[in-house]
Every structure is written in C-alpha cells, then in structure tokens.
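# Chains, contacts and geometry: an overview
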Amino acid sequence: IVGTLVGAGDGSAVVGTAAGSVQVWDLSKQTPAGSVQAQGSGDEGASIASIVMSDNGYHVATSTTAGTVQVWDLRKLKCVATLNADGADVGSVVKSVSFSPGEGKLLAYGGANGTIAVVGVKDWDNKTTLSVTPPKKGDAATITGLVWTHGGMSMVSCSDPDRPVRFWGTKE
C-alpha cells in the first residue's frame, strides 16, 4: 500500500509505503529502480508517514510513524543520516519533513509533541527547535505540515487539533 509519493524532475518518483519501504521508480520505463527499508519500520509495524525530495533530486528525507527520520542518498540508495530515533526531538510520530529550497541546506521535521526540529544538512548535530503552543492548555499540538517559503528564509507549519497555521522566520 502506497502511503506517500514525491516526483522528481529527472523522470523518477519516490514512493513511501505502509510497510516502511522507500521505492524509487523510473517513470519512463514504469519499473522500479531500487528500494530500501526505513529504520523503525517493517516488522515493527511503522509506515512511511511523509517523504520529501531535495531540489537537486539527490536526497530524500522520510519519516515513519515510529518517529524515525532518515535522509537517503538516492544515487547510492544509502542512508546518510538518522534523526529523532529515540523520539527525543519532536515526539514518537513524525508527520512532516521538508528541505529548504534551492541548495537544501536545512531539513525541518515536526511531530507529535508540537516541536519542529531544524537541522543543517551534513551537520546533523546542529539543531534548532521551535515549539508550537497548543490552543488549549493540556492539548497536544501535533505538527502535520511544514513548507519553506520560496526564498528559504521562513517556514510555515500547521498542526492538529485545530490546524493553526504558524509562520516562522523573517519576512522576505
């Protein structure tokens, strides 16, 4: 079962499945070009919750319902970084991942505890966290969507339970 899908300008698509696999497809041939299994998925019952491709098409970031975020080098079908493996950054479920536009120097991911983590690509330990205050005291604010603005200086998030839209960063 396909959980999420992202296309690339080079004629490929990357699919995240309910079984936790990440599959690369050659759209011109309509055939699979390779696949990998995400950490914290498969036997543990976690599926791919979100997937995003970098603008240059070299990397894909995935998140699972078990809370793991992984960054994949598509040319080598190899994991280059594993984040939030213990759920300490943004909670036990990560529902959204997003590369900054252009050179993709930043990766943001948000999850079940209302926190967004922003990390430097290739400098995975350099992390900034942003917290969403839930609308009512005692409620949880699960981050359900993240998108960078065109210039990459700001980000927009939405969260449950009331899906408030939040703007982060500077006016461009």
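This text gives an overview of the structure that appears in the document.

### Points about the sheet that holds strand β7 (residues 69-73)
- With antiparallel pairing, the four strands of this open sheet are ordered in space as β5-β6-β7-β8. Looking at which strands have only one partner, the edges of the open sheet turn out to be β5 (48-53) and β8 (78-83). Neighbour-to-neighbour, the strand axes of the sheet open up by a mean angle of 20°, direction not taken into account.
- Here β7 runs beside β8; their pairing, made up of five bridges, is antiparallel. Bridging across to β8, V69 finds its partner in L83.

### Re the pattern of salt bridges
- Under the definition given, this model contains one salt bridge.
- Note that D73 is salt-bridged to R75, the shortest N-O span being 3.4 Å.
- According to the relative accessible area criterion, R75 is exposed, its value standing at 53%.

### Here we look at the pairing of strand β13 (residues 142-148)
- Of all seven residues in β13, six are buried; the element is thus mostly enclosed.
- As judged from the six bridges shared by β13 and strand β14 (residues 154-160), these two strands associate in the antiparallel manner. Looking at the pairing, I143 lines up with S159 of β14.
- The turn linking β13 back onto β14 is made up of five residues, and G152 within it adopts a positive phi angle of 80°.

What counts and what doesn't
- Residues numbered from 1 in each chain as written.
- Predicted model: local features only at pLDDT ≥ 70, side-chain atom pairs only at ≥ 80, totals over all residues.
- Heavy atoms only, no water.
- Pairing = 2+ DSSP bridges.
- Helix = DSSP H or I, 4+ residues; strand = E, 2+ residues; numbered from the N terminus.
- Axes fitted to C-alpha atoms, helices over the stretch in contact; angles between N-to-C directions.
- Salt bridge = Lys/Arg side-chain N within 4 Å of Asp/Glu carboxyl O.
- Buried < 20%, exposed > 50% of the residue type's maximum accessible area, 1.4 Å probe, protein only.

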